[in-house]
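Structural characterization, general
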Amino acid sequence: MKENIVIPIKIERVKIWFRRALETATWLICLGLLAASVVVATGSALLWLVSGSEVILALGLGSGLLLGLAGVWHLLRKLDRAVHQLRCDMPVA
């Protein structure tokens, strides 16, 4: 009976899958920020319709705006990084 059992896993394959998982997580965070901004703004508008309080509307719209700006900023940085990688990886013709 063997004492040492070796499971052959190529570390490069693990690195690629880990990179893909992190890339997916960054996209989900970006889209989640944008979706949260819409939900917060819509929720505050509905609460304003029910209660009539302008403070709730202002706080909700302000929070939704901040979340939306964070999502758009994250999306623009991600796209800029992708363009930069494409520029650096393309061969010079």
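The text that follows walks through the structure, step by step, so that each part is easy to find. Quick caveat: nothing in here was measured; it's all calculated off a predicted structure.

Here we look at the pattern of salt bridges
- Tallied over the entire structure, the rule returns two salt bridges.
- Residue glutamate 12 pairs with lysine 15 through a salt bridge whose shortest N-O separation is 3.7 Å. Here glutamate 12 and its partner lysine 15 are both found in helix 1 (residues 11-51), three residues apart, which amounts to about one turn of the helix.
- The partner of lysine 78 in a salt bridge is glutamate 23, with the nearest N and O atoms 2.5 Å apart. Of this pair, lysine 78 sits in helix 2 (residues 54-89) while glutamate 23 is found in helix 1, placing the two residues 55 residues apart along the sequence.

So, the environment of threonine 26
- With respect to the helices and strands, threonine 26 occurs in helix 1.
- With relative accessibility at 26%, the residue threonine 26 sits in the partly exposed group.
- When the C-alpha positions of threonine 26 and histidine 74 are compared, they lie 8.9 Å apart, and in sequence the two are 48 residues distant.
- The contact partners of threonine 26, leaving out residues within four places of it in the chain, are His74 and Lys78.
- From its side chain, threonine 26 meets the backbone oxygen of glutamate 23 in a polar contact 2.6 Å long.

Looking at helix 1
- Here helix 1 is 41 residues long and its end C-alpha atoms lie 58 Å apart, about the 60 Å a rise of 1.5 Å per residue gives.
- Looking one or two residues beyond helix 1, the residue adopting positive phi is glycine 52, at roughly 80 degrees.

Comments concerning the packing of aromatic side chains
- Tallied over the full model, the rule gives zero aromatic pairs.
- Looking at arginine 20, its charged tip hangs above the ring of tryptophan 17, at a distance of 5.0 Å from the centre.

About the criteria used
Residues numbered from 1 in each chain as written. Predicted model: local features only at pLDDT ≥ 70, side-chain atom pairs only at ≥ 80, totals over all residues. Heavy atoms only, no water. Salt bridge = Lys/Arg side-chain N within 4 Å of Asp/Glu carboxyl O. Helix = DSSP H or I, 4+ residues; strand = E, 2+ residues; numbered from the N terminus. Buried < 20%, exposed > 50% of the residue type's maximum accessible area, 1.4 Å probe, protein only. Contact = heavy atoms within 4.5 Å. Polar contact = N/O pair within 3.5 Å; in protein donor to acceptor, adjacent residues only side chain to side chain. Expected span 1.5 Å × (residues − 1). Phe/Tyr/Trp six-rings, centres within 6.5 Å; stacked < 30°, edge-to-face > 60°. Lys NZ or Arg CZ within 6 Å of the ring centre and 35° of its normal.

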